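Chain by chain, the residues:
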Amino acid sequence: MAKIKLFITDCDGCMTDGGMYYDNLGNEWKKFNARDGMGFEMLRNSGVLTGIISSENTPLLERRATKLKIDEFHQGAKNKPEVLAEILERTGIDYSEVAYLGDDINDLKMMDLVGLTFCPNDAMKQIQPKVDVILNKKGGEGAVREAAEYVIEMNEKADA
């Protein structure tokens, strides 16, 4: 397996529990996990680029991506594979050097393209047989951190 140079995740169901919370004023709320944030930092510190590609388009997600210093942030993406192709063309990274974390059927096309795939343990049942690793953690409860640690450990073994 190739050394991973880029880690990309979907947002809802991976970085969050998949819930979308609204108050009476129309504000949207999402709960993110601080441990997942540290997972992104650990990846960056190990030399792995980080990315979020989401079909959602919200200021809330943009604020979270900015806080986490995500290298490749793309929201409102209706064609995730097209966005990935543009990133890879620009960075010179190969598909085999990409890890992807997804949880639902709109992630299947991405999973068919990349070298390493993950899903949270509460991902949709259609996804689970398609991934390399079903994580122990649920979406929004440390799944990103668990995947990050897996990637870092795998890359360290490749360097040894």
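Everything discussed here concerns the structure shown above.
Read on for a plain summary of the structure. (Residues numbered from 1 in each chain as written. Predicted model: local features only at pLDDT ≥ 70, side-chain atom pairs only at ≥ 80, totals over all residues. Heavy atoms only, no water.)

**With respect to the nonpolar core**
- Among the nonpolar cores identified, the biggest contains 26 residues, and Phe7, Phe40, Phe118 and Val151 are the most heavily contacted of them.
- Those elements that place two or more of their residues in this core are helix 1 (34–45), helix 2 (59–68), strand 6 (98–101), strand 7 (116–119) and helix 5 (143–159).
- At seven residues, helix 5 tops the list of elements feeding residues into this core.
- Setting aside its immediate chain neighbours within four residues, Phe40 contacts Phe7, Thr9, Met15, Thr50, Gly51, Ile52, Leu68, Ile70 and Val144.
- If you look at the next biggest cluster of nonpolar residues, it comprises 18 residues, including Ala77, Leu84, Ile93 and Val114. (Core = buried A, V, L, I, M, F, W, Y, C linked by side-chain atoms within 4.5 Å. Buried < 20%, exposed > 50% of the residue type's maximum accessible area, 1.4 Å probe, protein only. Helix = DSSP H or I, 4+ residues; strand = E, 2+ residues; numbered from the N terminus. Contact = heavy atoms within 4.5 Å.)

**Examining the pattern of salt bridges**
- For the structure shown, the criterion picks out 10 salt bridges.
- One salt bridge connects Lys80 with Asp10, and the closest N-O pair in it is separated by 3.1 Å. Note that Lys80 is positioned in helix 3 (residues 80–91) and Asp10 in the loop between strand 1 (6–9) and strand 2 (21–22), a separation of 70 residues in sequence. The residues Lys80 and Asp10 share a single accessibility class, namely buried.
- The closest approach of N and O atoms between Glu28 and Lys30, which form a salt bridge, is 3.3 Å.
- Classification of Lys30 by relative accessible area gives buried; the value is 12%. (Salt bridge = Lys/Arg side-chain N within 4 Å of Asp/Glu carboxyl O.)

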